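# A closer look at the structure
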Amino acid sequence: MPTYNPKAIEPRWQRYWLEHKTFSTPDFSDKPKRYVLDMFPYPSGSGLHVGHPEGYTATDILCRFHRMRGQHVLHPMGWDAFGLPAEQYAIQTGTHPAETTQNNIANFRRQIQMLGFSYDWDREVDTTDPGYYKWTQWIFLQIFDTWYDADQKKGRPIAELPIPPEVRTAGEDAVRRYQDSKRLAYQAEMAVNWCPALGTVLANEEVQDGKSERGGHPVERRPLRQWLLRITAYAERLLADLALVDWPEPIKKMQRDWIGRSEGAEVDFKLANPPASESETIRVFTTRPDTLFGATYMVLAPEHPLVAKITTTAQRDAVTKYQADAARKSDMERTELAKKKTGVFTGAFAINPVNNQKIPIWIADYVLSTYGTGAIMAVPAHDERDFAFARQFHLAIRTVVMPPTKWLEETSVFAACKNLDKEPGGSLEGVAPPAAGSSFEQPQTMSERTIRLLGKASRVWEKFHHDPLRVTEFLYRESADQFDEVYTDDGIAFNSGSFDGLPTPEFKQKIAAWLEERGVGARKINYKLRDWLFSRQRYWGEPFPILHELDDKGQPTGLVRALTADELPLTLPDMQDYRPSGRPEPPLGKARDWIHVTRDGKRYLRETNTMPQWAGSCWYYLRYLDPHNNEMLCDPAKAKHWLPVDLYVGGAEHAVLHLLYSRFWHKVLFDRGHVHTPEPFYKLINQGMILGETRYYPSNDDVEDAMRGGGSKELRTAYTVAKAANTELFVAEDDVAPRDGKYFWKRDPSVQLTARADKMSKARGNVINPDFVVNGDEKTNGYGADSLRLFEMFMGPLEAVKPWSMAGVEGVYRFLSRVWRMIVDDRAETMQLAAAVKDAEPDRETLRLLHRTIQKVTEDLEAQPIPRFNTAIAAMMEFTNHLTRQEVRPRSVLSPFVLLLSPFAPHIAEELWHALGHKDTLAYEPWPTFDPALTKAEEMEVPVQVNGKLRTRLMVPPDIDSASLEKLALADEKVKASLEGKQVRKVIIPPKGNKLVNIVVG
RNA sequence: GGCCGCGUGGUGGAAUGGUAUACACAAGGGACUUAAAAUCCCUCGCCCCGUACGGGGCUUGCGGGUUCGAAUCCCGCCGCGGCUACCA
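The structure reproduced in this document is the subject of the present report. All values reported here derive from a predicted model rather than from experimental measurement. Sequence order sets the numbering: in each chain, residues are counted from 1 along the sequence as written. Naming scheme: in the order in which they are written, chains are lettered from A and ligands are numbered from 1. Local features in a predicted model are, by the rule used here, given only for residues with pLDDT of at least 70; side-chain atom pairs are given and counted only at 80 or more, and totals for whole chains, interfaces and linings are based on all residues. Computation of side-chain values covers all heavy atoms of the structure but excludes hydrogens and water.

### Brief notes about the layout of surface pockets
- Approximately 500 Å³ is the volume found for the second largest pocket.
- If you go around the second largest pocket, you meet 23 residues; those closest to its centre are Arg225, Glu585, Pro586, Leu605 and Thr608.
- Labels follow the DSSP assignment, with helices taken as runs of H or I lasting at least four residues and strands as runs of E lasting at least two, numbered in each case from the N terminus. For the lining of the second largest pocket, the elements supplying multiple residues, two or more each, are β11 (220-229), β22 (546-550), β23 (556-562), α19 (592-595) and β25 (602-606).
- A total of four residues in the lining of the second largest pocket trace back to one element, the largest contributor, which is β23.
- Looking at the lining of the second largest pocket residue by residue, the class counts come to nine nonpolar, eight polar and six charged. Cavity and pocket criteria rest on a 1 Å grid covering protein atoms alone: a 1.4 Å probe that fits but cannot get out defines a cavity, protein on both sides within 12 Å along at least 5 of 7 lines defines an open pocket, and an atom within 4 Å of a point defines a lining residue. Grid points are joined across faces, edges and corners, and a volume is the space filled by probe spheres set on the points. Nonpolar residues are Ala, Val, Leu, Ile, Met, Phe, Trp, Tyr, Cys and Pro. Charged residues are Asp, Glu, Lys and Arg, and all others, Gly as well, are polar.

And the structure:
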């Protein structure tokens, strides 16, 4: 009767844990603390998918392990529930997002609890709960109340901002405007993605290739008033403090690249003919001030404010048209699709400060208005982009950096020069197409320019003693514009006046000083990172706790007023019509009663933008520490106890945005004294993606053949069937015949197949639902939560991308069944132990295996940087394989084994723990320990190699000394045979543990 | 284009300088059974010699190198995946 039946066991223990609050965590304890955090999910309508429990299982195993090792473990879960998908789903179904969100949360909670995770459910948070977003708004107000003191490198209260005297004398409004301009949360006009067809503003991630992701409608860029957060003020600290955290190096690198720090200089170029009363200089940013002598033109971004002022009458029409075109293009069109550089001459000229040369000023959209100063000096000889532009518009190219020999030798010019001596006379004839069978070696492609250069080369050929390198060097100095390659790295300066001969790094130092002395430039650091666009023109998000002041006529004055803490939370108005307005203005504008406010006799309009989805997830790890506190976001004593997060596990898709935004908020809270650690997440692990089951696909050519009615008849039939069922055509594994390392279709062996595992997606029909794995459906039985958990961990290393396999789940299910039968009599009517379970002393081998298993599982769970769950499970399988073969299975080895299994498969472990006669839950039982002496076998196997090739294996006592081992090895018959007639030169026995013998013979 | 990662049996993977293929899946054979499922036992990288017992050789994408010894370290190439993309 009691066969292994997860359906009976699992819900019972889940109920037990909830009712007994087994995993409820006290706020404080004397035990060492450990805060283990999962990236909380967005509760979508489609429910959990098997990717979610991968990370959750890993953290759950570690939490259960650490609890048993006597640690004070915090392991909470919650919901990131504001955001676009809920709103769109609501619009489609006509159900209010608040309602669908709650339904989705209930479903997610049910599914997560069904998997037996040891979360402290008393600490559950929901970002859409006013009790939660009250504090999201409160943190926004802190950010709003903060300015960044660049000297102290710290965010400080706005009240401490020094006000310049001339501002103070201009009155209170001027002071307020000055303060507003310095806050970490500020307003600005920014281009947004406006989609007229959908009547809504789209986030950048909803725009693909200049079209809306949903529907493929065109998207325009329109300026709109936006809230921004001054994350750029923290760029340096966000970069530097990566040194404080233990994260995977690739994630750190992605953050570094995203921040994109570059050191360089700003340089001022005077206008050659400045229009009266206008600024006389154009400021550029460059990382290569050492190439100033090679600057042959300048480029302004089309949006640069000076463009209109400097453009000459003759060029005005062309420039205006170009600006209009550029404005219409999306970022994507400007970059990726633009294979050819575009631009227009303004008619104006600037003066290069280092040599007073007059150079033309162009506008081009390859220069971004949002980076640096929005203007560049172009050095076409040493920059790929400038080079392409100069070629396009026939602008001067002037070399000023001599590349190393190695580079010169790889140029096509050098390749051509080398041949000058091979043809008599070293003439241009050498570059004509070679005659058939000619031994003349010619580069495959030789541009007309190179051919022209060869004329010049042949004239100096004698002068440089037929040395192709010196000739190439000469040509590079004199006629760089004729080269096809661009050298952009460091080298030795030339054509640079008194700086000639300097290596690039030294030149950079000297020229910076030179520019500073003359007041025409200065060292400067720039970042790719832009300020964070923090507002969305949507309904389903946190409202901003901000009021816009109106004047007597009801017009906005441009001044804002923050709500006070006691006015929070500012709840979303309960609107029936939350659809986008059809104009760029946010839907909250339609809540007429809500937006009008009077305070102290003044009239105000509420801010109608809402916060982006990132806001709630930026600080949830703090709220878990004190989830019901209505007085503060988190009691500092609790924050002090728990922070920082000791382990944070989630997908790599959050490598940049979520993690960077959280770190930024945390640093502001740190500066303002609300948290005591500079970083929120001490250690981070990314779990790898889980793909759909491996499938076998016929080649596209074969399928196309079949579609046209040709090719394989079988394939044609299969194609018709797949098309009718509206699925992709693939072949099940049963139908695949492997041959010569390739796969063929059993039903038609002429059809070759390729194996492929794809991302799970509805469209491919390969999504695996945890409900199905655990509970099955009408046709199948389901394997239970323990099997799902175990398989997710057994598939491979946590961080690896790996394909799902239902057969693999079946495999671990069989393992758990075997564990069950190892302990429980599955043929008895009532729950009783198997007959082989006895209070006997274990034999030596069984005891050894138990201790080896304890050692292996413990060490695998402790492994750095990432625990090895898969090999820990394999060790437990080996233990089980051994013990199920034994006639006598001592209780004294079964109990510790059940404890080892419990973090991985907690339900079956609890049940077996009870069967073995223990009371209550095993969740806080001490973790088993191993005796190193007992892990060793009586004899060990030592491989013997001759010249690195395995010849035999010896059985020896584990404590044998090297000399005896060597003697034994040399005495072995097989070894003697392979040493026949050869001289033993050396015998190698590695010092650590006598693991092998290698006899070197000559 | 740039940067990063990966490449081991039919499949997922193990071994991170010391016995390559642990553990599992799939496949095949056998036992039990009226039968099936379940369970248990056996075989299972490739090639060669041998009737058999057994023996020998090769093998970690390809080519080279370092080392007594390389899946592991180094160089070059090929393939796959991810991120990123005019940031001056």
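### Examining the sheet that holds β22
- We treat two strands as partners when DSSP finds at least two bridges between them. Reading across from one edge, β23-β22-β25-β24 is the order of the four strands in this open sheet, with antiparallel pairing throughout. Pairing within the sheet leaves two strands with one partner each, and these edge strands are β23 and β24 (596-599). The mean inter-strand angle of the sheet, taken between neighbouring strand axes irrespective of direction, is 40°.
- Bridge count between β24 and β25: four bridges; the pairing is antiparallel. Looking at the pairing, Thr598 lines up with Arg603 of β25. In this analysis an axis means a line fitted to C-alpha atoms, helices contributing only their contacting stretch, and an angle means the value between N-to-C directions, from 0 to 180 degrees.

### Let's talk about the sheet that holds strand β8 (residues 200-202)
- Across the sheet, four strands lie side by side as β8-β7-β11-β21; this open sheet has antiparallel pairing. Looking at the sheet topology across the chains shown, the edges are occupied by β8 and β21 (532-533).
- Note that strand β7 (residues 185-195) and β11 share ten bridges and pair antiparallel. Bridge assignment links Val192 to a residue of β11, and that residue is Arg222.

### Overview of the pairing of β23
- As defined by bridge partners, β22 adjoins β23 across four bridges and the pair is classed as antiparallel. Paired with Leu550 across the strands is Pro556, a residue of β23.
- Once β22 ends, the chain turns through five residues before running back antiparallel as β23, passing Gly554 with a positive phi of about 85°.

### Points about the pattern of salt bridges
- Each salt bridge in this description consists of a side-chain nitrogen of Lys or Arg and a carboxyl oxygen of Asp or Glu lying within 4 Å of one another. Per the counting criterion, the structure on display carries 48 salt bridges.
- Across the pair Arg579 and Asp577 runs a salt bridge, and its minimum N-O distance is 3.0 Å.
- Throughout, exposure labels follow a simple rule: accessible area from a 1.4 Å probe, protein chains only, divided by the maximum for the residue type, with under 20% read as buried, over 50% as exposed, and the rest as partly exposed. Look at Arg579 and you get partly exposed, because its relative accessible area is 47%.
- Put simply, Asp27, Asp120, Arg123, Asp626 and Lys638 are held in one network by salt bridges that share partners.

### Things to note about helix α31 (residues 891-901)
- For α31, a buried count of nine out of eleven residues is recorded, marking the element as mostly surrounded by other parts of the structure.
- Within α31, the full set of buried residues consists of Val893, Leu894, Ser895, Pro896, Phe897, Val898, Leu899, Leu900 and Leu901.

### Observations concerning the packing of helix α28 (residues 806-823) against α31
- The interhelical angle for the contact between α28 and α31, taken along N-to-C directions, is 155°, at an axis separation of 12 Å. When the interaxial angle is binned, α28 and α31 end up roughly antiparallel. Two packed elements cross with a definite hand, and for α28 against α31 that hand is left-handed. On the side of α28, the interface is formed by Phe815, Leu816, Val819, Met822 and Ile823, while α31 contributes Leu894, Phe897, Val898 and Leu901.
- Here the residues of the contact of α28 with α31 are counted per class, giving nine nonpolar, no polar and no charged. Here roughly perpendicular refers to angles of 65 to 115 degrees, roughly parallel to angles under 35, roughly antiparallel to angles over 145, and oblique to all remaining angles. Handedness of each helix crossing follows the sense of rotation of the near helix against the far helix: counterclockwise by less than a right angle gives left-handed, clockwise gives right-handed. Pairs of residues are marked as contacts when any of their non-hydrogen atoms sit within 4.5 Å.

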